[in-house]
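The lines below spell out each chain.
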Amino acid sequence: MVLTDRQRQDLHAGIYEYLLSKDEFKECAEAFAKADPKCGEKKTNNVGKTPLLEKKWTAIPRLQKKVLELERTVAQSAKIHAHRTGEVGENGVQRRMLPRLPCTETLQGHQGPVHCVQVHPIFTVAVSGSEDGTIKIWDHESGDYMKTLKGHTNAVTSLCFTPKGHYLASSSQDLSIKIWEFETYNCVRTLRGHDHTISSIVFIPAQNVIPTTGDDNAAIDVALAESRQLISASRDQTVKLWDLETGFCDHTFTDHTDWVRTLAIRQHDGNVWASAGHDQVIFVYDNTKKIIAELRGHEQIIESIAFLSEDNFPKNVNPARVETQRDYLVSGARDRTVRLWSIAHSSCLQIFTAHENWVKSVLIHPSGNYIISAGDDRTIRVFDIKANRCLRTLENAHTHFVSSLDMHHTLPILVSGGIDNVVKTWVLD
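Remarks on the overall build of the chain
Move 1: Helices and strands together make up the secondary structure of the chain, namely five helices and 28 strands.
Move 2: The burial tally for the chain puts 49% of its 429 residues in the buried class.
Move 3: Relative to all contacts within the chain whose residues are 6 or more apart in sequence, the contacts with residues 24 or more apart total 50%.
Move 4: Counting only carbon and sulfur atoms, one obtains 49% of the accessible surface of the chain, whose full area is about 21100 Å².

This is the structure in structure tokens:
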């Protein structure tokens, strides 16, 4: 590489400036000036400071370090987003995006059992709620702790994001629901009305939401939230429907006869949601507040229910298959079973009996092909719906009961929370 005249002039000026700044090189500077009289003509505007050449020289290691950091970030991002090119791994094998041992990170910081975990719908961020009354925010990629949200005065029992993650809702044994603006981490609204522990909460997703109050200073921007209502379930045997703009309860459902422990909503349209709990019945509602199905079969308390997490189907998939999987509802109970239900037929399609203790959390894999569950036997299990069998078991996933699971609907992110006070992130292959 040949230097241009200007580059050569700048280099000589820098060398001369450096030599001149060092007493031991005064004679060298004079000799250099004789060899190139013009080297002293170019002013570096660096009088009395570190010589420009020295600055550039020390900048090289810093730049090299930055390059290495960026290369590591690119490599990590490649792993995170590899599934977007046909879900094919490094060896050309189709990736199923199922968890396997060992865990990638163990996130420690809570002072009590972790009751709930939730993955941000856009960013690689996870949140956890604990018996210690706090909500902690974690960077999934690095495993770093980010922030603690304080406001509840008792155990945090449930967490839920709005569709794009602009707001986070939390419920607690202190009988309150708090809405947090996730960008500022400020609590913008507190909902009260239940008479006992609030067990579960879900936002009802909506498209093209237009605010009805006309107040630009409203606590919650429902258009930004893409949701106008939130549902909560409680030990007071009721399910309540809340208006996010006003903070008032719009409707109270009293169909259950005991503690309502869990809620689920069909995310792709928000038109169908379900509730279940101690009375061992799953009630399924439509957007007119009518019961469209009653699912009975569990012999003990139902701890968790879930619909297909999100539409994640290839464009060429059979439409009939899409509708079939949208109709799925999965449940886990203290009778140690995981059940797959058809909403349209109000019937149980499959029963999985691999767990050896209470099933505390269930979800349907975004592909619609698998069920992932966790429970008090300290395992995370993967069930193949088509083969009707337990495909994989992660033994001793936590050192105590596994209380909660959540999975991102497009990114390979799965997190779990346990009674051992920790949150774990898992490799998906």
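What about the packing of helix α1 (residues 5-21) against helix α2 (residues 26-35)?
Move 1: Two numbers describe how α1 lies on α2: the axes approach to 8 Å, and their chain directions differ by 150°. Relative to α2, the element α1 lies roughly antiparallel. Remark: the crossing between α1 and α2 carries left-handed chirality. Every residue of α2 that contacts α1 at His12, Ile15, Tyr16, Leu19 and Leu20 is listed here: Lys26, Cys28, Ala29, Phe32 and Ala33.
Move 2: Residue composition of the contact of α1 with α2, by class: eight nonpolar, one polar and one charged.

Brief notes about the environment of Cys39
Move 1: If you trace the backbone, Cys39 turns up in the loop between α2 and α3 (52-81).
Move 2: By relative accessible area, Cys39 is classed as buried at 2%.
Move 3: Separated by 27 residues in sequence, Cys39 and His12 place their C-alpha atoms 5.5 Å apart.
Move 4: Contact partners of Cys39, with chain neighbours within four places excluded, come to His12, Ala13, Tyr16, Phe32 and Ala33.

As for the pairing of strand β10 (residues 198-205)
Move 1: Of all eight residues in β10, eight are buried, a share of seventy percent or more.
Move 2: One ladder, built from seven bridges, connects β10 with strand β11 (residues 227-234); its direction is antiparallel. Bridge pairing in β11 places Pro205 opposite Ser227.

About the criteria used
- Residues numbered from 1 in each chain as written.
- Predicted model: local features only at pLDDT ≥ 70, side-chain atom pairs only at ≥ 80, totals over all residues.
- Heavy atoms only, no water.
- Helix = DSSP H or I, 4+ residues; strand = E, 2+ residues; numbered from the N terminus.
- Buried < 20%, exposed > 50% of the residue type's maximum accessible area, 1.4 Å probe, protein only.
- Contact = heavy atoms within 4.5 Å.
- Areas by Shrake-Rupley, 256 points an atom, 1.4 Å probe, with all protein chains shown as cover.
- Axes fitted to C-alpha atoms, helices over the stretch in contact; angles between N-to-C directions.
- Parallel < 35°, antiparallel > 145°, perpendicular 65-115°, else oblique.
- Left-handed = near helix turned anticlockwise from the far one by under 90°.
- Nonpolar A, V, L, I, M, F, W, Y, C, P; charged D, E, K, R; others polar.
- Pairing = 2+ DSSP bridges.

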